[in-house]
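Next come the chains, spelled out residue by residue.
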Amino acid sequence: MAKYSVILPTYNERDNLPIVTWLLAKAFNENKIDWELVIVDDASPDGTQDIAKELIKIYGADRILLKPRPGLLGLGTAYVHGLQFCSGDFVIIMDADFSHHPKFIPKFIELQKKHNYDIVTGTRYAGDGGVYGWDLKRKIISRTANLLATVLLNPGVSDLTGSFRLYRREVLEKVISETTSKGYVFQMEMMVRAKAAGCTVGEVPISFVDRLYGESKLSSSEIVQYVRGLLLLWRTF
Ligand SMILES: Nc1nc2c(ncn2[C@@H]2O[C@H](COP(=O)(O)OP(=O)(O)O[C@H]3O[C@H](CO)[C@@H](O)[C@H](O)[C@@H]3O)[C@@H](O)[C@H]2O)c(=O)[nH]1
Ligand SMILES: [Mg+2]
């Protein structure tokens, strides 16, 4: 039976972590899927790691792994760090604030199996996918980021900046080793490189609901990094 590892990067997610873990356990167990959760916490001052340790006691150390880092080191490198501890055949990356609802994971798995895809990505920008709870400014930032990447690089994927994805483990290892971005731009670079390497990608429409607890970590420096990364890839491909 295939095993699925989830990498969950966290920074100040103490209110969200128990619920997202419960929803993950439910989605996997109800569908009889073998799973583990790798939490990559960047020294959150709000006690996220204490919550993670409690969750390990509840669900067991074979299901939940806490792999912290000493400081806030960026979203992209959090996946790189988490991947070395994953024992699954497939790896799912997602946000911890239940903007990415675990109920979609069985759909990702089903689609991957059906077409033997290398990657399945959640999409907010195709089918009945959508975004709920963002203000106009954030919607424009996300749409523009996707549009720019589509116009300049055209990888043929409708949501390039989203971070709810399932990867075949070897594919993730290969693409991640070539990817240089450290922050949010990581998702776009990963997908562009994967497509350039000939990986097959399936899409599952998802509803992205903005977080209820805590704050987004998207900063203006992430936007600058995105544009830089985009131009770099444009020159390469
Ligand atoms: N360990 C770690 N975790 C981080 C870091 N930065 C963010 N996170 C975690 O990464 C997840 C996403 O961060 P948010 O701050 O909630 O991001 P967002 O503004 O909601 O952005 C989302 O949408 C963007 C646009 O689609 C995505 O680009 C982004 O990846 C994310 O899905 C959360 O679980 C958050 O705790 C970091 O430097 N280190
Ligand atoms: Mg969020």
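Residues numbered from 1 in each chain as written. Chains lettered and ligands numbered in written order. Predicted model: local features only at pLDDT ≥ 70, side-chain atom pairs only at ≥ 80, totals over all residues.

Under an unreviewed UniProt entry, the chain has the name Dolichol-phosphate mannosyltransferase subunit 1 and belongs to Tortispora caseinolytica NRRL Y-17796. The record in UniProt for the chain states the following under Function (unreviewed entry): "Transfers mannose from GDP-mannose to dolichol monophosphate to form dolichol phosphate mannose (Dol-P-Man) which is the mannosyl donor in pathways leading to N-glycosylation, glycosyl phosphatidylinositol membrane anchoring, and O-mannosylation of proteins." Recorded in UniProt under Pathway (unreviewed entry), the annotation for the chain is "Protein modification; protein glycosylation." (UniProt positions renumbered as here; feature names shortened; annotations may be inferred.)

Visitor: Is there a simple way to think about the site of ligand 1 in this case?
Guide: Around ligand 1 lies a shell of 26 residues, among which P9, A96, S163, S216 and K217 are the nearest. Counting only elements with at least two residues in the shell around ligand 1, the list comes to strand 1 (3-10), strand 2 (34-41) and helix 3 (75-83). Residue composition of the shell around ligand 1, grouped by class: 10 nonpolar, 9 polar and 7 charged. (Near = placed C-beta within 6 Å. Helix = DSSP H or I, 4+ residues; strand = E, 2+ residues; numbered from the N terminus. Nonpolar A, V, L, I, M, F, W, Y, C, P; charged D, E, K, R; others polar.)

Visitor: It is not clear to me how the packing of helix 5 (residues 136-153) against helix 8 (residues 220-236) should be interpreted in this structure. Could you clarify?
Guide: Two quantities define a packed helix pair, namely the angle between the helix axes and the distance between the axes. Interaxial distance between helix 5 and helix 8 falls to 10 Å at its minimum, and their mutual angle equals 10°. Judged by the inter-axis angle, helix 5 sits roughly parallel to helix 8. Mapping the contact onto sequence places I141, A145, L148, A149, L152 and L153 in helix 5 and I223, Y226, L230, L233 and W234 in helix 8. Per-class residue counts for the contact of helix 5 with helix 8 are 11 nonpolar, no polar and no charged. (Axes fitted to C-alpha atoms, helices over the stretch in contact; angles between N-to-C directions. Parallel < 35°, antiparallel > 145°, perpendicular 65-115°, else oblique. Contact = placed C-beta atoms within 7 Å.)

Visitor: What exactly am I supposed to notice about the environment of L66 here?
Guide: Looking at the secondary structure, you find L66 in strand 3 (residues 64-66). If we ignore the near neighbours within four places in the chain, the residues touching L66 are I39, D41, Q49, A52, K53 and I56.

Visitor: Sorry, what's going on with the nonpolar core here?
Guide: Side chains of a nonpolar character, in soluble globular proteins, are inclined to be buried together. Counting 61 residues, the largest nonpolar core has V6, I7, L8, V38, V91, I92 and L166 as the members making the most contacts within it. With residues near it in sequence (within four places) discarded, V38 still touches S5, V6, I7, L8, L65, K67, G82, F85 and C86. (Core = buried A, V, L, I, M, F, W, Y, C linked by C-beta atoms within 7 Å. Buried ≥ 20, exposed ≤ 12 C-beta atoms within 10 Å, placed from the backbone.)

Visitor: Before we go on, may I ask you to explain the environment of L75 in this structure?
Guide: By secondary structure assignment, the location of L75 is in helix 3. If sequence neighbours within four positions are ignored, L75 has contacts with P9, G183, Y184 and F186.

Visitor: Would you take a moment to explain the sheet that holds strand 8 (residues 201-205) for this structure?
Guide: Strand pairing in a sheet relies on backbone hydrogen bonds. The paired strands run either parallel or antiparallel. Pairing in this open sheet of 7 strands is mixed, and the strands run 3-2-1-4-7-5-8 from one edge to the other. Single-partner strands in this sheet number two, and they are strand 3 and strand 8. Neighbouring strand axes in the sheet, compared pairwise and without regard to direction, differ in orientation by 20° on average. As paired strands, strand 4 (residues 90-93) and strand 7 (residues 165-168) are joined by 4 bridges and run antiparallel to one another. Note that in strand 7 the partner of I93 across the bridge is R165. (Pairing = 2+ DSSP bridges.)

Visitor: Sorry if this is basic, but what is going on with the confidence of the model for the chain here?
Guide: Close reading of the predicted structure is inappropriate where its pLDDT is low. Of all residues in the chain, 100% attain a pLDDT of 70 or more, and the chain-wide mean is 96. As scored by the predictor, the complex reaches a pTM of 0.96 and an ipTM of 0.95. (pLDDT = per-residue confidence, 0-100.)

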